[in-house]
Amino acid sequence: MENYFIINPVSGKGKSADYIPIIKENKENHIYVTSKKGEAESFARSISSLGSEVSFFAVGGDGTLNEVINGIAGYKNARAGIVPAGTGNDFVRCFKNKERFRSINAQINGTEIIMDTAEAIFDNRIGTNFINMANIGFDCNVVINTNTIKKKYASGSFAYILGAVQEMAGNWGNDIRISFDDGYVYDNSQLLCTIANGHYCGGGFCSSPYAELSDGYLDVAIVDKISKLKLISMLKEYRDGTYLKNSSAEGFITYKRTKTLMVELKNEQGVSVDGEIFYFRKAEFKIKKHSLRFILPAGAAFN
């Protein structure tokens, strides 16, 4: 089994590069440092296509892992893991003892588990796989704002806070139609929608507390367009994942589990897919059950 550590040098203000000396302690490890967006995906695909058993460790954020997942999609000889060195690191929050993901020795001595991934197809042409979550509406707009702020003013979690403040100050809500595989149709003006395989988004918001990584379902949470005051009053519950237990929220929150769903928008909007932004009018999302060989570090476990 060959081990490749794919390092995104810009993740976490360069923290990913700090792992290079530790990785080099084992001369059998391979290191590949990316220089541009999309390179982790193309590299993982090129190595996987050779046919040998191979492990890829994405050293970076959720976006780096997303690239690796797309690169190995369809290759049964390849598996993936993550050494979290990004800003939000939302995916590893799904696990107990998540600090074990930062140990190179724990990664090398980890165990393989089988997990689900999901696929999104936009306007019947552009498709991408994801492992954690897709966000439409408020959460996505915050990511878009944050990316702009990072380029001009600030970085890290402070940039995310500024992005959220910017979104809070603007107009929000968009008309959306979501068709589920059980025949249910949501047709309303929504504030946000999360389509989840994992639990967390936005640097620690537990938007999908009931999601499971290998159950063959996507967990979809839709929040109707509500007032800013009401949103502010629910932020703590949204962050800690208890908002679905609030009886007063039943009138404006829809939470469903599904294998497929179709999303149609009146106007083109963005969607954040594991942190990567796509724009669309119509999209199909579907679960890909047991499609990923994932490396769970020694000492870590499912939440």
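Residues numbered from 1 in each chain as written. Predicted model: local features only at pLDDT ≥ 70, side-chain atom pairs only at ≥ 80, totals over all residues. Heavy atoms only, no water.

1. A closer look at a positive patch on the surface
At step 1: Positive charge collects at one region of the surface, where Lys13, Lys15, Lys98 and Arg102 lie side by side.
At step 2: Checked against the element boundaries, Lys13 lands in the loop between strand E1 (2–7) and helix H1 (20–24).
At step 3: Residue Lys13 is classed as exposed on the basis of its relative accessible area of 67%. (Patch = residues over 30% accessible without salt bridge, like charges linked within 9 Å, V, L, I, M, F, W, Y side chains within 5 Å. Areas by Shrake-Rupley, 256 points an atom, 1.4 Å probe, with all protein chains shown as cover. Salt bridge = Lys/Arg side-chain N within 4 Å of Asp/Glu carboxyl O. Lys, Arg positive; Asp, Glu negative; His and termini not counted. Charge placed at Lys NZ, Arg CZ, Asp CG, Glu CD. Helix = DSSP H or I, 4+ residues; strand = E, 2+ residues; numbered from the N terminus. Buried < 20%, exposed > 50% of the residue type's maximum accessible area, 1.4 Å probe, protein only.)

2. So, the layout of surface pockets
At step 1: By volume, the second largest pocket amounts to about 220 Å³.
At step 2: Taken together, 15 residues form the lining of the second largest pocket, with Ile72, Gly74, Tyr75, Ser291 and Leu292 sitting closest to its centre.
At step 3: Of all the secondary structure elements, the ones that give two or more residues to the lining of the second largest pocket are helix H3 (62–72), strand E6 (111–122) and strand E14 (276–296).
At step 4: Looking at which element gives the most residues to the lining of the second largest pocket, the answer is E14, with five residues.
At step 5: Looking at the lining of the second largest pocket, its residues break down into seven nonpolar, five polar and three charged. (1 Å grid on protein atoms, 1.4 Å probe; cavity = no way out; pocket = protein on both sides within 12 Å on 5 of 7 lines; lining within 4 Å. Points joined across faces, edges and corners; volume = space filled by probe spheres on them. Nonpolar A, V, L, I, M, F, W, Y, C, P; charged D, E, K, R; others polar.)

3. Looking at the environment of Gly63
At step 1: Inspection of the secondary structure puts Gly63 in helix H3.
At step 2: When its relative accessible area of 17% is taken as the criterion, Gly63 is described as buried.
At step 3: Considering only alpha carbons, one finds Gly63 and Arg293, 230 residues apart in sequence, at a separation of 18 Å.
At step 4: When neighbours within four sequence positions are excluded, Gly63 is seen to be in contact with Asp274 and Glu276. (Contact = heavy atoms within 4.5 Å.)

4. Looking at H3
At step 1: Most of H3 sits inside the fold, with 11 of its 11 residues counted as buried.
At step 2: The set of residues buried in H3 consists of Asp62, Gly63, Thr64, Leu65, Asn66, Glu67, Val68, Ile69, Asn70, Gly71 and Ile72.
At step 3: After H3 finishes, the residue Gly74 shows a positive phi value of roughly 90°.

5. Observations regarding the pairing of E6
At step 1: Direction of pairing for E6 relative to E14: antiparallel, over a ladder of 11 bridges. Residue pairing in the sheet places Met115 in a bridge with Leu292 of E14.
At step 2: Here five bridges tie E6 to strand E7 (residues 126–130), and the two strands are oriented antiparallel to one another. Its bridge partner lying in E7, Ala118 is registered against Phe130.
At step 3: A loop of three residues connects E6 with E7, the two strands running antiparallel in sequence, and Asp123 in this loop sits at a positive phi of about 50°. (Pairing = 2+ DSSP bridges.)

6. What to know about the packing of aromatic side chains
At step 1: Per the stated rule, a full pass over the model turns up 18 aromatic pairs.
At step 2: An angle of 50° between the planes, with centres 5.1 Å apart, marks the rings of Phe95 and Phe101 as tilted. For the residue pair Phe95 and Phe101, the accessibility class agrees, reading buried in each case.
At step 3: Ring geometry for Phe122 against Phe278: centres 5.0 Å apart, planes inclined by 25°, an arrangement best described as stacked. (Phe/Tyr/Trp six-rings, centres within 6.5 Å; stacked < 30°, edge-to-face > 60°.)

7. Let's talk about the pattern of salt bridges
At step 1: Counted according to the given criterion, the structure contains 13 salt bridges.
At step 2: Note that Arg93 and Asp90 form a salt bridge whose closest N and O atoms lie 3.3 Å from each other.
At step 3: Under the relative-accessibility criterion, Arg93 is labelled partly exposed at 25%.
At step 4: On the accessibility criterion, Asp90 (7% relative accessible area) is buried.
At step 5: With a shortest N-O distance of 3.8 Å, Arg177 and Glu264 are connected by a salt bridge. Placement of the pair is Arg177 in strand E9 (residues 174–180) and Glu264 in strand E13 (residues 260–273), with a sequence separation of 87 residues.
At step 6: Here the salt bridges do not stand alone but share partners, grouping Glu53, Arg79, Glu112 and Arg293 into one network.

8. Focus on unusual backbone geometry
Most of the time, phi is negative for any residue but glycine, and the peptide bond is trans.
At step 1: Located in the positive-phi region is Asp123, a residue other than glycine, with phi close to 50°.
At step 2: With respect to the helices, strands and loops of the structure, Asp123 is situated in the loop between E6 and E7.
At step 3: The phi torsion at Asn124 lies on the positive side, around 60°, for a residue other than glycine.
At step 4: Tracing the chain through its elements places Asn124 in the loop between E6 and E7.

9. A few points about helix H7 (residues 228–240)
At step 1: For H7, which comprises 13 residues, the first-to-last C-alpha distance of 19 Å matches the rise-based estimate of 18 Å (1.5 Å per residue) to within 8%.
At step 2: Met234 marks where H7 bends most, by close to 50°.
At step 3: Within the span of H7, buried status applies to Leu231, Met234 and Tyr238.
At step 4: Positive phi appears at Gly241, one or two residues downstream of H7, with a value of about 85°. (Expected span 1.5 Å × (residues − 1). Bend = angle between axes of the 7 residues up to and from the residue.)

10. Regarding the nonpolar core
One broad trend across soluble globular proteins is that nonpolar side chains are buried collectively.
At step 1: If you look at the biggest cluster of nonpolar residues, it comprises 29 residues, and the most contacted ones within it are Phe56, Phe91, Phe95, Met115 and Phe294.
At step 2: Broken down by secondary-structure element, the contributors of at least two residues to this core are E1, helix H2 (39–48), strand E3 (54–60), H3, strand E4 (78–84), E6 and E14.
At step 3: With near-sequence residues (within four places) excluded, Phe91 lies in contact with Asp62, Leu65, Ile82, Met115, Ile131, Asn132, Leu213 and Phe294.
At step 4: Among the nonpolar cores identified, the runner-up in size contains 24 residues, and Ala120, Val271, Val273 and Phe280 belong to it. (Core = buried A, V, L, I, M, F, W, Y, C linked by side-chain atoms within 4.5 Å.)

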